[in-house]
Amino acid sequence: MSLLSQLQVVCLLLVQLQQSVFSNAFNSDEWDHFVFAQQWPMTSCIEVNMTHEHVCYIPRNVSTWTVHGLWPSEGSSMGPEFCNTESHKLDFDPALLDPILAQLIKYWTNIYQDTDLYNFWKHEWCKHGTCAVTLESVDSELKYFKKGIQLQNQFDLLRILREGGITPSDETTYEYTEFLNALERGLGGFQPKISCVHDKVTKTQYIAQVEFCTDKNFNAIECPAKQRDSLYFVPESVNQQLPRGRLKYAAAAKSMRRQMKGGPESCQQHSDRVQRPKLDSESPCQDTEALAYPVIKYSRQMLGI
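Rules used in this analysis
Residues numbered from 1 in each chain as written. Predicted model: local features only at pLDDT ≥ 70, side-chain atom pairs only at ≥ 80, totals over all residues. Heavy atoms only, no water. Helix = DSSP H or I, 4+ residues; strand = E, 2+ residues; numbered from the N terminus. Buried < 20%, exposed > 50% of the residue type's maximum accessible area, 1.4 Å probe, protein only. Contact = heavy atoms within 4.5 Å. Areas by Shrake-Rupley, 256 points an atom, 1.4 Å probe, with all protein chains shown as cover. Core = buried A, V, L, I, M, F, W, Y, C linked by side-chain atoms within 4.5 Å.

Colleague: What am I meant to see in the overall build of the protein here?
Modeller: On a plain count of helices and strands, the protein comes out with nine helices and eight strands. Burial statistics for the protein: of 305 residues in total, 49% are counted as buried. Taking as baseline every contact in the protein between residues at least 6 positions apart, the subset at least 24 positions apart corresponds to 80%. For the protein, the accessible area works out to roughly 14,800 Å², and carbon and sulfur atoms hold 50% of it.

Okay, here's the thing in structure tokens:
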């Protein structure tokens, strides 16, 4: 065999090896369902005010439960996570979200005013979205976030709870079983996991987050016996607040992005960061204590919409 032929064989083997590695990095058999999490924004702000870690704001067009994440999962395990981050093929690109930016702000809200607007979405894409791409319906950044918004509308927790006689109130509290029963009915009989923020000073537990499972066709299903712990992202404080004035929120966000460095942002560096430890204030709700479901309030500093 000539030297040229030998080189051609070596090149072919290298290409096949690269394809094999790429395929293994995106093995759809590594996960079999999603965990879909929604959070109550007012409770998130209450938690921030308790910890003083960040500055909280809620945009004026946010009046319902917002998406925390759509997480590919295998059985009761946590993951897979941060798939194929080294190749940079799936790096986070803020520009790809422009078509749905207004919807993301409303339904997948970053409530930390002292962080970059895209920080939350970058985390969710790098850690979870990059592993979801083995499924055609969410095989791109835009599709992934669109699906999260669609699921928020499909499983409208504000409506589901209201139909169960549970509405936000600063005077009324509810029994744990009232919340659970209303959610189960709205999810087709499947039991969700609900988490609360516990205020040790006022001895109040606030409903914070609801998680439930779906199959790969996004139908609600029973979660594995041992549900995963909630996953948190580490906000990057950048002291970059949104412009004030009459600009629409989404337009202001696009203007801010144009001032930032263009192009995709590496997921590899993001995956190297330490996961934020679970805060003591948030944990599974105590089924023997009443649950507060606080009314959403807007700061005077918020940008009008």
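Let's pick the thread back up.
Colleague: I tried to follow the nonpolar core on my own but got confused; where do I start?
Modeller: Note that soluble globular proteins tend to have their nonpolar side chains buried in a common cluster. Counting residues in hydrophobic clusters, the biggest one holds 35 residues, and the most contacted among them are Phe92, Trp121, Trp125 and Phe145. Elements with a minimum of two residues in this core: strand E1 (33-39), strand E2 (66-73), helix H3 (101-107), helix H4 (119-132) and helix H5 (141-154). No other element matches H4, which puts five residues into this core. Residues in contact with phenylalanine 145, not counting those within four places in the same chain, are Phe92, Leu97, Ile100, Leu104, Trp108, Trp121 and Trp125. The next biggest cluster of nonpolar side chains, apart from the first, holds 32 residues, and it includes Ile111, Tyr112, Leu161 and Ala292.

Colleague: Explanation requested: unusual backbone geometry in the structure shown.
Modeller: Although it is not a glycine, histidine 52 adopts a positive phi angle of roughly 60°. By the element assignment, histidine 52 lies in the loop between helix H2 (41-51) and E2. Even without glycine at this site, phenylalanine 218 takes up a positive phi of about 65°. Looking at the element boundaries, phenylalanine 218 is found in the loop between strand E5 (204-214) and strand E6 (220-221).

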